[in-house]
Amino acid sequence: MTSADSPDGAGNQENADGREQRADKEPGGPKEQRLGPVVRRRTQVQPGTTDQRLLDTAGPSDFIHQDPWRVMRIQSEFVEGFGALAELGPAVSVFGSARTPVDAPEYEQGVRIGRALAEAGFAVITGGGPGAMEAANKGALEAGGTSVGLGIELPFEQGMNKYVDIGVNFRYFFVRKTMFVKYASGFVVLPGGLGTLDELFEALTLTQTKKVTRFPIVLCGTEYWKGLIDWVRDSVVATGKASPRDMDLLHVTDDMDEAIDLVTKEVGV
């Protein structure tokens, strides 16, 4: 079929890989290339075909560092995370510092929390690293529960602790954070640093805005969290940046049994 015989009379031609390339309908118009939903004209028309670039082993490899490829990588992380955790059942995420020493009181608290959650019928999800995360995974494993670690690629080596039964490593923080919230019924937060605070305020924001419901957040260690709680109440709430009822989203305790009761009574198993 010639250009004049084409169905729309616009001189459309189809490349070998199914892309449509045509001249503009107006005489003398710019050269136009259609790549699915994308239209390219003038100097933006790309040479060759997608198949040619796919099969060209001598082609450039910098595409693996470009945004379109990153989108595919992000998608694959969501797929792997959903696939690994979809049948997990009721779970609680436990956060705390990776720098907590094994002989610290917070480590033993983490073990007790992990054990009690497992005995209550919950899987335990942590960041999979050392310190308080390892403690909670250890407690869950020793109690015969499911121990989950969601690791993250960092500039320094951290690794997955040995008490994890199901481990998923992520490149992107936001994908990992989605998994923490999607598959957990609540958070238990031990003393921790910036990463712990990041997860805490993420959960608070999602709960405050009702993006998640029935999502208890329990902070363990009144002395450690006192300064933060005072600041939220006396600065954030007092100046109208948050509502007084937002303070009710947080439960603070030194009693590990109370912490377990607080996080489990609202959701059940």
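Residues numbered from 1 in each chain as written. Predicted model: local features only at pLDDT ≥ 70, side-chain atom pairs only at ≥ 80, totals over all residues. Heavy atoms only, no water.

A. Examining the environment of Arg 41 more closely. Mapping Arg 41 onto the fold places it in strand β4 (residues 38–41). Given a relative accessible area of 37%, Arg 41 falls into the partly exposed group. (Helix = DSSP H or I, 4+ residues; strand = E, 2+ residues; numbered from the N terminus. Buried < 20%, exposed > 50% of the residue type's maximum accessible area, 1.4 Å probe, protein only.)

B. Main features of helix α8 (residues 256–265). Every buried residue of α8 is listed here: Met 256, Ala 259, Ile 260, Leu 262, Val 263 and Thr 264. Looking at the buried side of α8, the elements it contacts are β5 (91–95), α3 (105–119), β9 (187–189), β10 (217–220) and β11 (250–253). (Contact = heavy atoms within 4.5 Å.)

C. Quick look at the packing of aromatic side chains. Summed over all chains, the structure comprises seven aromatic pairs. With a centroid separation of 5.8 Å and an interplanar angle of 40°, the aromatic rings of Phe 78 and Phe 82 are classed as tilted. Within this pair, Phe 78 and its partner Phe 82 are both found in helix α2 (residues 67–85), separated by four residues, close to a single helical turn. Note on Phe 78: relative accessible area 22%, which makes it partly exposed. A centroid spacing of 5.0 Å and a plane angle of 80° characterise the contact between Tyr 224 and Trp 225, whose relative ring orientation is edge-to-face. By relative accessible area, which is 45% here, Tyr 224 ends up partly exposed. An aromatic cluster is built from Phe 95, Phe 180, Phe 187 and Phe 215, whose rings are joined through pairwise contacts. (Phe/Tyr/Trp six-rings, centres within 6.5 Å; stacked < 30°, edge-to-face > 60°.)

D. Broad picture of the pairing of β11. Relative to β11, β10 is paired through four bridges, and the arrangement is parallel. Looking at the pairing, Val 218 lines up with His 251 of β11. Once you follow β10 into helix α7 (residues 222–237) and on to β11, the crossover reads as right-handed. (Pairing = 2+ DSSP bridges. Right-handed = clockwise from strand over helix to strand, strands pointing away.)

E. Summary view of the nonpolar core. If you look at the biggest cluster of nonpolar residues, it comprises 38 residues, and the most contacted ones within it are Ile 125, Leu 150, Phe 187, Val 189, Leu 200 and Ile 217. Considering each element in turn, this core owes the most residues, six residues, to α7. In contact with Leu 200, not counting residues within four places along its chain, are Val 189, Ile 217, Leu 219, Trp 225, Leu 228 and Leu 250. In this structure, Val 94, Leu 117, Val 124 and Ala 140 belong to the second largest nonpolar core, which totals 19 residues. (Core = buried A, V, L, I, M, F, W, Y, C linked by side-chain atoms within 4.5 Å.)

F. Main features of the pattern of salt bridges. Under the criterion given, the structure shown has eight salt bridges. As a salt-bridge pair, Asp 198 and Lys 177 come within 3.3 Å of each other at their nearest N and O atoms. Of this pair, Asp 198 sits in helix α6 (residues 194–208) while Lys 177 sits in helix α5 (residues 173–182), and the two are 21 residues apart along the sequence. Salt bridges linked by common partners bring Lys 226, Asp 230, Arg 233 and Asp 234 together as one network. (Salt bridge = Lys/Arg side-chain N within 4 Å of Asp/Glu carboxyl O.)

G. Representation of the packing of α3 against α8 in the model. Look at α3 against α8: their axes get within 10 Å of each other, and the N-to-C directions meet at 40°. When the axis of α3 is compared with that of α8, the two are oblique. Handedness of the crossing formed by α3 with α8: right-handed. Side by side, α3 and α8 meet where Gln 109, Arg 112, Ile 113, Ala 116 and Leu 117 of the first sit next to Met 256, Asp 257, Ile 260, Val 263 and Thr 264 of the second. Residues that form the contact of α3 with α8 fall into these classes: six nonpolar, two polar and two charged. (Axes fitted to C-alpha atoms, helices over the stretch in contact; angles between N-to-C directions. Parallel < 35°, antiparallel > 145°, perpendicular 65-115°, else oblique. Left-handed = near helix turned anticlockwise from the far one by under 90°. Nonpolar A, V, L, I, M, F, W, Y, C, P; charged D, E, K, R; others polar.)

H. Main features of the pairing of strand β6 (residues 123–126). Burial of β6 is two-sided: the residues Ala 123 and Ile 125 facing one way and the residues Val 124 and Thr 126 facing the other way are all buried. With three bridges connecting them, β5 and β6 associate as parallel partners. Bridge assignment links Ala 91 to a residue of β6, and that residue is Ala 123. In the sheet, β6 pairs with strand β7 (residues 147–152) via three bridges, with the strands oriented parallel. Note on β7: the bridge partner recorded for Thr 126 is Gly 149. Since β6 and β7 lie parallel, the crossover through helix α4 (residues 132–142) that links them has a hand, and here it is right-handed.

Functional significance is not addressed by these values, which are geometric in nature.
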